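# Examining the three-dimensional arrangement
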Amino acid sequence: MKSIPYYLYRGGTSKGPFFFKKDLPSSKEKCDEVLRKIMGSPHPYQVDGIGGGVSNASKIGILSLSNRNDADIEYIFGQVAVLSNEVDTSSDCGNMTTAAACCAIEAHLIDAKEDETKVRVYSPATDSVKEIIVPCKDGKVLYEGDYHIDGVGSTGSVIKISFLHPSASQTEAIFPSGKMLDIVDGIPVTLIDCGRALVIARACDFNISDEQSNEALEEDIELNRAIEAFRLKCAKKMHITHPCQTFPRIALVSAPRAKNQSIYARYWSNPTARQIHPAMAMTAAMALASAVVSKGTICAQSNKQFDADDHTKEVYIGHAQGEVEIDITGHDSPLDVAECTYKRTARLLAKGEVYYC
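Residues numbered from 1 in each chain as written. Predicted model: local features only at pLDDT ≥ 70, side-chain atom pairs only at ≥ 80, totals over all residues. Heavy atoms only, no water.

For the largest pocket, the calculated volume is near 270 Å³. Among the elements that take part in the lining of the largest pocket, helix 3 (residues 214-219) stands out by supplying three residues, more than any other. If you add up the space inside the second largest pocket, you get close to 230 Å³. Forming the walls of the second largest pocket are 15 residues, and the residues nearest its centre are Tyr147, Val324, Glu325, Lys343 and Arg344. Looking at the lining of the second largest pocket residue by residue, the class counts come to six nonpolar, two polar and seven charged. (1 Å grid on protein atoms, 1.4 Å probe; cavity = no way out; pocket = protein on both sides within 12 Å on 5 of 7 lines; lining within 4 Å. Points joined across faces, edges and corners; volume = space filled by probe spheres on them. Helix = DSSP H or I, 4+ residues; strand = E, 2+ residues; numbered from the N terminus. Nonpolar A, V, L, I, M, F, W, Y, C, P; charged D, E, K, R; others polar.)

Written as structure tokens, this is what we have:
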């Protein structure tokens, strides 16, 4: 058997191992093979690896020092498909980015400062920089705290993450079709790319009621076939020539379920495998928040809309386990998002050597 060093983290509502670029094969084909073996894919339970059998626990991070003036580390995020051989490294993960900054300090890629450390993370897939403020104490990451995020049972210290200029992260424009509202198969839809490329439609247009649980929706094969066919048609309108299981993704929105929420959303973290995120991906939350503050989208909110001057708006996105808050800064006409900021927690779960055959 072979082995390489790893750090296993929970970052926000996601979980996965982090590796170092120098320890992995340089070719993507061979690297993907190693990552599949480590995670145990393809298998519904990933029983022969350290993956969790669901999309938000089948993620990996690859770290190295950055040679850019505006970044400290380079971070490659990978979504390892549970049921296929696909390893998608074309996007970001807002939850795992939290852990990437912590791991960089933990592994001494950068030095911890007193009280808090700013870690500037560059993601080559989206050509973007994030700034993460990590609490520290006595030269180490401070994980313990009393801050709670919905979707995680424990509390932790507050980690602040800012995505800088997240628009057009995976496509050529924040509205890849050129419109804020399209009609696909008679269904109104907003096709947006801010943080990630996302298809946003109304749950009611797929006959989904508020009473239906995510588990019930995942079991409805005909519904998921219709959603998947719709997603792939939307991909064409977004000028995505090679859509995959995780690109673009889709969220179905409905009326908020709490007074402070702007919308309620169900987010398919792996549409092909009929998997709905148990909470919310932060990159999807950024895309949804961008649609909320922009005039003319399917989930635009008049009390949250940007105007021609720069403003910061607080947008709350409801999900099955609670809600997430995105502070979004920018202006409209046309929509320009300068920054998306949110708070997460993270925890180091294990470190050492991971083995694979």
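Look at helix 4 (residues 221-237): 25 Å from first C-alpha to last across 17 residues, which is about the 24 Å you get at 1.5 Å a residue. Each element contacted by the buried residues of helix 4 is listed here: strand 10 (182-184), strand 11 (187-193), strand 12 (197-202), helix 3, strand 13 (249-254) and strand 14 (263-270). Put simply, Asp220 is the residue that caps the front of helix 4, since its side-chain oxygen is 3.4 Å from the backbone nitrogen of Glu222. His239 sits one or two residues past helix 4 and shows a positive phi near 60°. (Expected span 1.5 Å × (residues − 1). Contact = heavy atoms within 4.5 Å. Polar contact = N/O pair within 3.5 Å; in protein donor to acceptor, adjacent residues only side chain to side chain.)

Let us look at the packing of aromatic side chains. For the structure shown, the criterion picks out six aromatic pairs. Judged by centre distance (5.9 Å) and plane angle (85°), the rings of Tyr7 and Phe20 are edge-to-face. Pair noted here: Tyr7 is in strand 1 (residues 2-11) and Phe20 is in strand 2 (residues 14-20), with a separation of 13 residues, a long-range link. In terms of burial, Tyr7 and Phe20 fall into one category: buried. (Phe/Tyr/Trp six-rings, centres within 6.5 Å; stacked < 30°, edge-to-face > 60°. Buried < 20%, exposed > 50% of the residue type's maximum accessible area, 1.4 Å probe, protein only.)

Mapped onto the elements, Arg225 comes out in helix 4. Residue Arg225 is classed as exposed on the basis of its relative accessible area of 53%. In this structure, the C-alpha to C-alpha distance between Arg225 and Arg274, residues 49 residues apart in sequence, is 8.8 Å. Within the structure, the side chain of Arg225 is placed 2.7 Å from the side chain of Glu222, a separation counted as a polar contact.

Moving on, we get to unusual backbone geometry. Following Ser41, the chain continues to Pro42 via a peptide bond in cis, the omega torsion being 0°. If you trace the backbone, Pro42 turns up in the loop between helix 1 (28-39) and strand 3 (59-65). The peptide bond linking Phe247 to Pro248 adopts the cis configuration, its omega dihedral lying at -10°. Even without a glycine there, the phi angle at Asn207 is positive, about 60°. Assignment of secondary structure puts Asn207 in the loop between strand 12 and helix 3. Residue classification places Asn207 among the exposed positions, given a relative accessible area of 72%. If you check the backbone angles, His239 has positive phi at about 60° while not being a glycine. One can find His239 in the loop between helix 4 and strand 13. Look at His239 and you get exposed, because its relative accessible area is 60%.

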